[in-house]
Structure formats: structure tokens, C-alpha cells
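The chain contents come next:
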Amino acid sequence: MAMTPESIKRMKELIEEKKQSGSQTKNTERPDKNKGMTRKAFKNKKNGGVFDK
């Protein structure tokens, strides 16, 4: 299926229209970045055994 020069021209026009509409609808407001939650440090729970009392 060969593309005619007319169809190539039409495709280029459509691509340009999409580029124009994409450049006009940019959203300048961005949400604050929240990359994750903070955690407390791990506690060492090995506090001895039977004979440490």
C-alpha cells in the first residue's frame, strides 16, 4: 500500500495540529511532591533471656 503525496501531506498536517494542541494545554500547576512516608528507627528487641534476670 503506497502512500500518495496527498495522504502524506494530510498526515503531516494532523501531526502539526496535535503538536499545537499539546503545547497549548500544558498544566503549569503541579502537586507538591510527596515521595514517601517517614518511619521511626527500628528498636532492638533482644533484651536478654532467662539468665539475665
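Owing to the predicted nature of the structure, the values given are computational and were not obtained by experimental measurement.

Caption draft 1: Structural view of the overall build of the protein chain. Tallying secondary structure elements over the protein chain gives one helix and zero strands in all. Burial analysis of the protein chain (53 residues in total) assigns 0% to the buried set. Accessible area for the protein chain stands at about 6600 Å²; split by element, carbon and sulfur atoms hold 54% of it.

Caption draft 2: Broad picture of the pattern of salt bridges. With the rule as written, the count across this model stands at two salt bridges. The residue E13 makes a salt bridge to R10 at a minimum N-O spacing of 3.3 Å. Here E13 and its partner R10 are both found in helix α1 (residues 5–24), three residues apart, which amounts to about one turn of the helix. Of the charged contacts, one joins K19 and E16 as a salt bridge, the two residues approaching to 4.0 Å between their closest N and O atoms. You can see K19 and its partner E16 sitting in helix α1, three residues apart, about one turn around the helix. Residue classification places K19 among the exposed positions, given a relative accessible area of 52%.

Caption draft 3: Focus on a nonpolar patch on the surface. A cluster of nonpolar side chains, contributed by M3, I8 and M11, occupies part of the molecular surface with about 270 Å² of accessible area. Mapping I8 onto the fold places it in helix α1.

Reading the values: the criteria
- Residues numbered from 1 in each chain as written.
- Predicted model: local features only at pLDDT ≥ 70, side-chain atom pairs only at ≥ 80, totals over all residues.
- Heavy atoms only, no water.
- Helix = DSSP H or I, 4+ residues; strand = E, 2+ residues; numbered from the N terminus.
- Buried < 20%, exposed > 50% of the residue type's maximum accessible area, 1.4 Å probe, protein only.
- Areas by Shrake-Rupley, 256 points an atom, 1.4 Å probe, with all protein chains shown as cover.
- Salt bridge = Lys/Arg side-chain N within 4 Å of Asp/Glu carboxyl O.
- Patch = residues over 30% accessible without salt bridge, like charges linked within 9 Å, V, L, I, M, F, W, Y side chains within 5 Å.

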